[in-house]
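Residues per chain are reported as follows:
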Amino acid sequence: MAINKLIDLDQYSIPELMEILQIARIIKRKPEYYQDSCHGRVMATLFYEPSTRTQMSFQTAMLRLGGKIIGFDNPNNSSVSKGESLKDTIRVVSNYADIIALRHPLEGSARAASMFASCPLINAGDGGHLHPTQTLTDLFTLSETKGTLEHLTVGLCGDLLNGRTVHSLIKTLCRFRGNRFVLISTEELTVPRYIKEIMDQAGCAYTQCGSLTEAIGDIDVLYMTRIQRERFANQEEYERQKGVFILDAEKLKRAKYGLKILHPLPRVDEIAVEVDDDPRAVYFDQTEYGMYARMALILTMLDGSEKRFDARPESNTTRPCTNPRCITQTEAYLPRLAHKDRRYSVCEYCEHEYEK
Amino acid sequence: MAINKLIDLDQYSIPELMEILQIARIIKRKPEYYQDSCHGRVMATLFYEPSTRTQMSFQTAMLRLGGKIIGFDNPNNSSVSKGESLKDTIRVVSNYADIIALRHPLEGSARAASMFASCPLINAGDGGHLHPTQTLTDLFTLSETKGTLEHLTVGLCGDLLNGRTVHSLIKTLCRFRGNRFVLISTEELTVPRYIKEIMDQAGCAYTQCGSLTEAIGDIDVLYMTRIQRERFANQEEYERQKGVFILDAEKLKRAKYGLKILHPLPRVDEIAVEVDDDPRAVYFDQTEYGMYARMALILTMLDGSEKRFDARPESNTTRPCTNPRCITQTEAYLPRLAHKDRRYSVCEYCEHEYEK
Amino acid sequence: MAINKLIDLDQYSIPELMEILQIARIIKRKPEYYQDSCHGRVMATLFYEPSTRTQMSFQTAMLRLGGKIIGFDNPNNSSVSKGESLKDTIRVVSNYADIIALRHPLEGSARAASMFASCPLINAGDGGHLHPTQTLTDLFTLSETKGTLEHLTVGLCGDLLNGRTVHSLIKTLCRFRGNRFVLISTEELTVPRYIKEIMDQAGCAYTQCGSLTEAIGDIDVLYMTRIQRERFANQEEYERQKGVFILDAEKLKRAKYGLKILHPLPRVDEIAVEVDDDPRAVYFDQTEYGMYARMALILTMLDGSEKRFDARPESNTTRPCTNPRCITQTEAYLPRLAHKDRRYSVCEYCEHEYEK
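Student: Sorry, what's going on with the overall build of chain A here?
Tutor: Secondary structure summary: chain A contains 11 helices and 13 strands in total. A compact globule built from 356 residues should have a C-alpha radius of gyration of about 21 Å, and chain A, at 20 Å, falls within 12% of that. For the C-alpha atoms alone, the extent of chain A along its principal axes is close to 55 × 55 × 40 Å. Taken across its 356 residues, chain A has 61% of its residues classed as buried. Of the accessible surface of chain A, which amounts to about 13900 Å², a share of 46% is contributed by carbon and sulfur atoms.

Printed below as a string of structure tokens:
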């Protein structure tokens with residue numbers, strides 16, 4: 001497999017994805033066979049914003065493959081992230097490490113970094129944009145607990161408008177056959193238009209539903225996410241609505257025996273603690289699946305890798321991206337890259353649409 | 001040995017303790033024999049408050065056994081410690097790690113965490129409550145430098161009221177034969193009543209003494225601790241008293257040739273720097289002994305361990321613990337656990353006594 | 001090689017330096033031969049001020065030798081650096097680690113620490129004083145890219161007054177035959193008098209030049225450094241001068257084909273981004289050379305090392321050093337050490353000159 005920089009999971013074809021999941025499965029069965037697979041290799045976890053869970057998952061994955069870890073975890077501690085361009089840091093760390101996991105608060109930062117890394121690089125979250133290893137985790141969890149990634153009725157509950165993990169999971173499941181979606185949220189917090197277009201184009205049916213109680217009986221998978229209080233119109237609306245999207249033992253009584261409950265964690269109160277011991281709750285196991293998925297990914301990316309730079313594209317537009325959270329806003333040396341949509345320019349870093 | 005969660009050192013019987021010390025002794029003699037003993041194993045050091053010394057000691061112990069390390073060291077850096085319950089963090093990290101060392105500012109947190117860890121867990125300090133590996137360190141230091149844990153006259157100097165390491169050491173030495181204690185402190189800062197009861201019940205003699213100079217000639221071991229200025233009634237009292245409890249070359253002249261001076265470190269000024277080069281000063285060596293003791297403990301706990309949850313107890317009381325520093329104050333999902341003493345309820349997390 | 005504590009690179013003779021560079025070269029050719037050379041060994045990186053680049057370089061070096069890492073990276077996170085003397089921390093960490101890399105904001109701290117370390121210790125930067133592994137990095141980069149350390153015309157550009165890496169490089173290159181220097185800076189920011197004396201004594205020719213454009217055609221090596229805005233007399237002067245010392249594609253047209261451009265990094269804007277892809281730019285490669293140089297150094301220092309304290313000198317003066325940034329200002333237990341120069345006392349910690 002030739003992918004050297006993983007920005008978005010859709011870089012992988014379905015057969016490639018299935019191969020990674022198959023490797024994850026084999027590692028999970030016999031992890032001790034793999035405990036020295038990356039002996040002598042070094043991963044840098046460059047976390048420009050703290051995300052201890054994701055960082056620990058990557059670190060554990062690398063360590064359990066016999067590799068080593070360098071990196072930083074907090075911009076405030078790190079002299080690297082101050083007074084040095086992303087380019088320079090990536091150039092330098094490429095010289096130290098065999099593979100980089102990058103977390104950055106700005107959208108498009110993974111794409112930007114990929115231009116300057118001589119070693120494989122994994123996007124471990126670029127702002128609100130993409131987080132492909134979370135989706136890989138979700139896929140592996142589904143694959144292991146449901147036994148298939150096809151013909152599933154998947155309920156997604158909570159804030160479906162702002163949740164990048166939800167969007168990415170839907171996009172990916174649309175690439176498999178026969179999946180249906182039940183979108184459980186308030187009207188204001190349903191998925192964005194472009195996600196509906198993806199489902200329509202893929203021929204995946206979906207229904208919208210304002211009540212978890214109503215929806216829960218029909219679904220094979222329940223993907224829970226947090227609704228942040230500040231997403232509601234006002235405090236009153238929040239109080240009126242919040243209970244509707246909380247999973248508790250009472251609602252769970254209506255669910256199928258074979259339901260699997262996922263959550264990207266951390267949870268706040270959207271799943272009652274009493275649900276934790278129900279065998280249908282797999283959200284804690286999910287973190288372990290995520291470790292195996294990341295191990296498989298690292299192994300795949302390091303296999304046969306050699307130090308090389310990808311060809312760096314030339315600017316293809318003169319208009320800068322207008323997204324204030326785009327990496328191009330702070331890193332002036334980046335080539336300006338956008339492709340033209342029907343109506344808009346689409347930034348190739350952050351995928352923000354703006355006027356042509 | 002079956003202990004999977006080490007909250008308090010008294011979980012071990014004396015023969016079990018002696019076995020751990022024996023393993024520590026063997027490791028100390030030939031550390032290279034053990035340098036791959038934990039190959040492929042991962043320890044998580046979860047430090048909810050910074051304690052660099054303790055963390056480095058655990059990390060070095062695991063690394064010198066050939067294991068690997070993940071974790072965090074500061075609540076302010078870590079997204080884990082924000083917005084996630086202790087339970088959830090422990091459940092997740094149990095999936096990554098083979099063993100957890102937990103440091104937490106709240107009393108009873110180790111007991112609480114032990115309910116949700118599927119892997120072995122070591123209490124690396126839960127607030128002012130317990131710190132069993134410090135006591136194990138002290139025992140191994142005594143055992144190595146005095147050659148015995150019996151029939152010792154042990155002087156303890158400084159703040160004996162608030163020092164958890166002092167209480168824990170006395171409790172443990174009372175389980176061995178023939179030890180005597182000399183309590184060297186101001187009257188206000190002597191050991192609490194329950195420690196005196198323990199010594200009485202064990203038949204261990206003790207004397208109280210207001211002067212290090214007077215006491216030092218009679219003792220085999222001097223366990224020094226810090227007296228914090230704010231423990232004194234007022235500044236005047238502090239100035240009058242502080243010199244009395246400082247160990248210097250002058251006072252040391254009266255001591256036995258075979259005296260051993262211990263200190264849990266860090267010291268401030270309670271031991272003069274001139275004492276450092278005296279062969280009776282073993283407080284720096286003590287840190288190395290602590291590393292070997294922790295290596296033996298980790299090895300013992302990982303040996304034959306498998307992922308399992310301990311049976312979780314049901315609430316056995318309706319009255320919440322009243323200790324404001326108890327872990328039950330912040331983690332609402334914990335079962336309420338207390339046993340009845342003669343007069344009080346005793347919280348099973350923090351051992352705080354409160355009205356029945 | 002007997003050096004157990006590396007404070008300053010001039011502790012090594014030229015043949016010893018050449019041997020370290022030779023080891024670095026061999027490691028660079030076949031790093032996999034060395035990937036277990038330090039198996040079972042532990043390095044402590046004690047960084048009393050954050051310097052993520054230097055710390056990552058040391059860590060990667062040790063990890064790529066098969067060793068392990070403990071340490072801390074920030075005084076604010078670390079309980080070690082609070083309330084404990086440097087001596088005590090070094091004594092304790094010596095018990096955990098096989099080698100220490102120390103970074104400290106105070107001048108002379110490496111010398112001070114070396115008195116109390118029972119294991120090898122490397123100065124990873126002591127305030128504005130010394131940073132020998134940066135110079136070793138520079139030497140190895142020159143050696144690899146120019147093929148020699150002799151008969152080079154070396155341009156040094158930027159703030160030559162305050163740059164310790166510049167001073168250290170000049171001092172070391174003066175020990176090799178036939179090197180010449182071109183000092184490219186404003187008059188105010190040229191090298192200090194004592195550096196000129198060293199060049200004179202070594203018989204190394206040097207010229208001073210106020211323009212990078214004029215100088216660039218004649219030199220074999222260009223060592224760029226940052227000029228901080230606050231070094232200029234005023235804002236007007238800064239605006240007038242800054243362009244003169246910025247390297248860009250235009251100025252580079254005048255340079256020799258075989259020029260090599262070095263920079264200790266991080267750069268701010270003193271090298272235009274357009275220069276990065278020029279084959280003469282070796283400042284990113286330099287970081288990789290630095291890793292190999294540090295690997296060679298660690299290997300050399302650990303080879304045959306055993307735990308020992310160096311003999312500790314007695315105070316040889318009664319007058320304290322007057323440098324406010326000297327380690328003796330905060331660590332009162334240090335012996336007072338100074339040797340007499342022609343006119344001054346020279347502090348043996350920070351090399352500050354003060355009245356006899």
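Student: Quick question: what am I supposed to make of the pattern of salt bridges here?
Tutor: One pass over the full model with this rule turns up 60 salt bridges over all chains. Across the salt bridge formed by A:Lys256 and A:Asp220, the nearest N and O atoms sit 2.9 Å from each other. Pair noted here: A:Lys256 is in the loop between α10 (249-252) and β10 (260-262) and A:Asp220 is in the loop between α8 (212-215) and β9 (221-224), with a separation of 36 residues, a long-range link. Relative accessible area serves as the criterion here: at 14%, A:Asp220 is assigned to the buried category. Close ionic contact of B:Glu49 with B:Arg103 constitutes a salt bridge, the shortest N to O distance being 3.1 Å. With a gap of 54 residues between them, B:Glu49 in the loop between β2 (42-47) and α2 (52-64) and B:Arg103 in strand β4 (residues 99-104) connect regions that are remote in the sequence. Under the relative-accessibility criterion, B:Arg103 is labelled buried at 9%. Members of the salt-bridge network, linked through shared partners, are A:Arg25, A:Lys28, A:Arg29 and A:Glu144.

Student: Mind showing me how you'd approach the relation of the copies chain C and chain B here?
Tutor: For these two chain copies, the linking operation is a rotation about an axis paired with a shift along it. When chain C is fitted to chain B, the residual RMSD is 0.0 Å, and the transformation amounts to a turn of 120 degrees plus an axial shift of 0.0 Å. The two molecules are tied by a three-fold rotation axis, judged by turn and shift. Counting the interface residues of chain C, we find that no more than 4% of their copies in chain B are interface residues as well, pointing to two distinct contact surfaces.

Student: Looking at this model, I keep getting lost on the interface of chain C and chain B. Mind explaining?
Tutor: By a widespread convention, an interface's size corresponds to the accessible area lost as its parts come together. On the chain B side, the residues contacting the 26 residues of chain C number 27 residues. For the pair chain C and chain B, the summed buried surface comes to about 2400 Å²; carbon and sulfur atoms form 49% of the total. Linking chain C to chain B there are five salt bridges. The partner of B:Asp276 in a salt bridge is C:Lys87, and the shortest N-O contact between them spans 2.6 Å. At the junction of chain C with chain B, the criterion picks out 11 residue pairs in polar contact (both at pLDDT 80 or more). Among the elements that take part in the side of chain C that touches chain B, helix α3 (residues 86-96) of chain C stands out by supplying seven residues, more than any other. Tallied by class, residues from the side of chain C that touches chain B come to 10 nonpolar, eight polar and eight charged.

Student: What am I meant to see in the relation of the copies chain B and chain A here?
Tutor: In screw terms, the move from chain B to chain A is a rotation of 120 degrees and a rise of 0.0 Å along the axis, fitting with an RMSD of 0.0 Å. Looking at the interface residues of chain B, only 4% of them are also at the interface in chain A, so each copy uses its own face.

Student: I'm lost on the packing of helix α2 (residues 52-64) of chain A against helix α11 (residues 283-302) of chain A in this one. Help?
Tutor: Between two packed helices, both the angle of their axes relative to each other and the distance between the axes serve to describe the pair. Residues and elements named next belong to chain A. Put simply, α2 and α11 touch, their axes get as near as 8 Å, and they point 60 degrees apart. With respect to their mutual orientation, α2 and α11 come out oblique. The element α2 and its partner α11 pack so that their crossing is right-handed. For the pair α2 and α11, the contacting residues are Thr54, Ser57, Phe58, Thr60, Ala61, Met62 and Arg64 in the first and Gly290, Met291, Arg294, Met295, Ile298 and Leu302 in the second.

Student: Just checking my understanding: could you explain the packing of helix α5 (residues 132-146) of chain B against helix α11 (residues 283-302) of chain B for this structure?
Tutor: Residues and elements named next belong to chain B. Following both chains from N to C, one finds α5 and α11 inclined at 115 degrees, their axes separated by 8 Å at the closest point. Of the possible angle classes, the one that applies to α5 and α11 is roughly perpendicular. For the element pair α5 and α11, the recorded crossing hand is right-handed. For the pair α5 and α11, contact is made by Thr133, Gln134, Leu136, Thr137, Asp138, Phe140, Thr141, Glu144 and Thr145 and by Gln286, Tyr289, Gly290, Tyr292, Ala293, Arg294 and Leu297, respectively. Per-class residue counts for the contact of α5 with α11 are six nonpolar, seven polar and three charged.

Student: Help me understand the interface of chain B and chain A, please; the structure alone is not making it clear to me.
Tutor: Listed by partner, the interface residues are 26 residues for chain B and 27 residues for chain A. Surface buried jointly by chain B and chain A totals about 2400 Å² across both partners, of which 48% is contributed by carbon and sulfur atoms. For the pair chain B and chain A, the number of links is five salt bridges. The partner of A:Arg53 in a salt bridge is B:Glu84, and the shortest N-O contact between them spans 3.2 Å. Where chain B touches chain A, the interface holds 11 residue pairs in polar contact (both at pLDDT 80 or more). Listed by contribution, the elements that provide at least two residues to the side of chain B that touches chain A are β3 (68-72) and α3 (86-96) of chain B. The biggest single contributor to the side of chain B that touches chain A is α3(B), with seven residues. Tallied by class, residues from the side of chain B that touches chain A come to 10 nonpolar, eight polar and eight charged.

Student: Help me out: how do you make sense of α3(B) in this one?
Tutor: Because each turn of an α-helix spans 3.6 residues, side chains separated by three or four positions in sequence point in the same direction. Extensive coverage of α3(B) is indicated by the burial of 11 of its 11 residues. Residues of α3(B) that are buried include every one of B:Leu86, B:Lys87, B:Asp88, B:Thr89, B:Ile90, B:Arg91, B:Val92, B:Val93, B:Ser94, B:Asn95 and B:Tyr96, and no others.

Student: Looking at this structure, I do not really get the side chain of B:Asn123. What am I missing?
Tutor: Residue and element names in this part refer to chain B. Examined against the element boundaries, asparagine 123 turns out to sit in strand β5 (residues 121-126). For asparagine 123, a relative accessible area of 0% translates into the label buried. A polar contact of 3.0 Å, which involves the side chain of asparagine 123, links it to the backbone oxygen of isoleucine 7. Beyond its immediate stretch of four places on either side in the chain, asparagine 123 contacts Leu6, Ile7, Leu102, Ala110, Leu130, Pro132 and Thr133.

Student: How should I be thinking about the sheet that holds strand β9 (residues 221-224) of chain B in this particular structure?
Tutor: Paired through their backbone hydrogen bonds, the strands of a sheet run either parallel or antiparallel. Residues and elements named next belong to chain B. On the basis of which strands lie adjacent, the open sheet formed by five strands has the order β8-β7-β6-β9-β10 and parallel pairing. At either end of the open sheet lies a strand with only one pairing partner, and these are β8 (206-209) and β10 (260-262). The average undirected angle you get between the axes of adjacent strands in this sheet is 20 degrees. Relative to β8, strand β7 (residues 180-184) runs parallel, the two sharing four bridges. By the bridge assignment, leucine 183 is partnered in β8 with glutamine 208. The strands touched by α5 are β9 and β10; relative to β10, the strand with the most contacts, the crossing angle is about 165 degrees.

Student: How should the domain arrangement of chain A be read in this particular structure?
Tutor: Looking at the assigned domains, one finds that chain A contains domain 1 (5-131 + 289-301), domain 2 (132-286) and domain 3 (320-347). Relative to domain 3 of chain A, the C-alpha centre of domain 2 of chain A lies at a distance of 31 Å.

Student: How should I be thinking about the environment of C:Asn4 in this particular structure?
Tutor: All names here are of chain C. Position of asparagine 4 among the secondary structure elements: in the segment before β1 (5-6). For asparagine 4, a relative accessible area of 5% puts it in the buried group. Ignoring sequence-local partners within four residues, the contact set of asparagine 4 consists of Cys119, Pro120, Leu121, Met301, Ser305, Arg308 and Asp310. Of note is the side chain of asparagine 4, whose polar atom sits 2.5 Å from the side chain of lysine 5.

Student: So what exactly am I meant to see when it comes to the pairing of β9(A) here?
Tutor: On a regular strand, one side chain projects to one face of the sheet and the next to the other, so that they alternate. Residue and element names in this part refer to chain A. Here β9 shows no split at all, with Val221 and Tyr223 on one side and Leu222 and Met224 on the other all buried. Sheet topology note: the β9/β10 ladder contains three bridges and is parallel. The residue of β10 that forms the bridge with leucine 222 is isoleucine 261.

Student: Whenever I open this one, the packing of aromatic side chains confuses me. Can you help?
Tutor: The description of two aromatic rings rests on the distance between their centres and on the angle between their planes. Applying the stated rule across the entire model yields 12 aromatic pairs over all chains. When the centroid spacing of 5.7 Å and the interplanar angle of 85 degrees are considered together, the rings of A:Phe140 and A:Tyr289 count as edge-to-face. With a gap of 149 residues between them, A:Phe140 in helix α5 (residues 132-146) and A:Tyr289 in helix α11 connect regions that are remote in the sequence. Grouping residues by exposure puts A:Phe140 and A:Tyr289 together as buried. Relative to C:Phe72, the ring of C:Tyr48 lies with its centre 5.2 Å away and its plane at 85 degrees, an arrangement referred to as edge-to-face. Of this pair, C:Tyr48 sits in the loop between β2 (42-47) and α2 (52-64) while C:Phe72 is found in strand β3 (residues 68-72), placing the two residues 24 residues apart along the sequence.

Student: In this structure, what is going on with unusual backbone geometry? I would like to understand it.
Tutor: With the exception of glycine, most residues fall at negative phi, and the peptide bonds are largely trans. Between A:Leu265 and the following residue, A:Pro266, the backbone shows a cis peptide bond with an omega angle of 0 degrees. Tracing the backbone shows A:Pro266 in the loop between β10 and α11. Within the chain, A:Leu265 stands out as a residue other than glycine whose phi angle is a positive 60 degrees. The topology assignment puts A:Leu265 in the loop between β10 and α11. Of note in the backbone geometry, C:His151 takes a positive phi value of approximately 55 degrees without being a glycine. Counting through the fold element by element, C:His151 comes out in the loop between α5 (132-146) and β6 (153-157).

Rules of the game
Residues numbered from 1 in each chain as written. Chains lettered and ligands numbered in written order. Predicted model: local features only at pLDDT ≥ 70, side-chain atom pairs only at ≥ 80, totals over all residues. Heavy atoms only, no water. Helix = DSSP H or I, 4+ residues; strand = E, 2+ residues; numbered from the N terminus. Rg over C-alpha atoms; globule rule 2.2 N^0.38 Å. Buried < 20%, exposed > 50% of the residue type's maximum accessible area, 1.4 Å probe, protein only. Areas by Shrake-Rupley, 256 points an atom, 1.4 Å probe, with all protein chains shown as cover. Salt bridge = Lys/Arg side-chain N within 4 Å of Asp/Glu carboxyl O. Least-squares fit on C-alpha atoms with pLDDT ≥ 70 in both. Contact = heavy atoms within 4.5 Å. Buried area = accessible area lost by both parts, 1.4 Å probe. Polar contact = N/O pair within 3.5 Å; in protein donor to acceptor, adjacent residues only side chain to side chain. Nonpolar A, V, L, I, M, F, W, Y, C, P; charged D, E, K, R; others polar. Axes fitted to C-alpha atoms, helices over the stretch in contact; angles between N-to-C directions. Parallel < 35°, antiparallel > 145°, perpendicular 65-115°, else oblique. Left-handed = near helix turned anticlockwise from the far one by under 90°. Pairing = 2+ DSSP bridges. Domains from an automatic or database assignment. Phe/Tyr/Trp six-rings, centres within 6.5 Å; stacked < 30°, edge-to-face > 60°.

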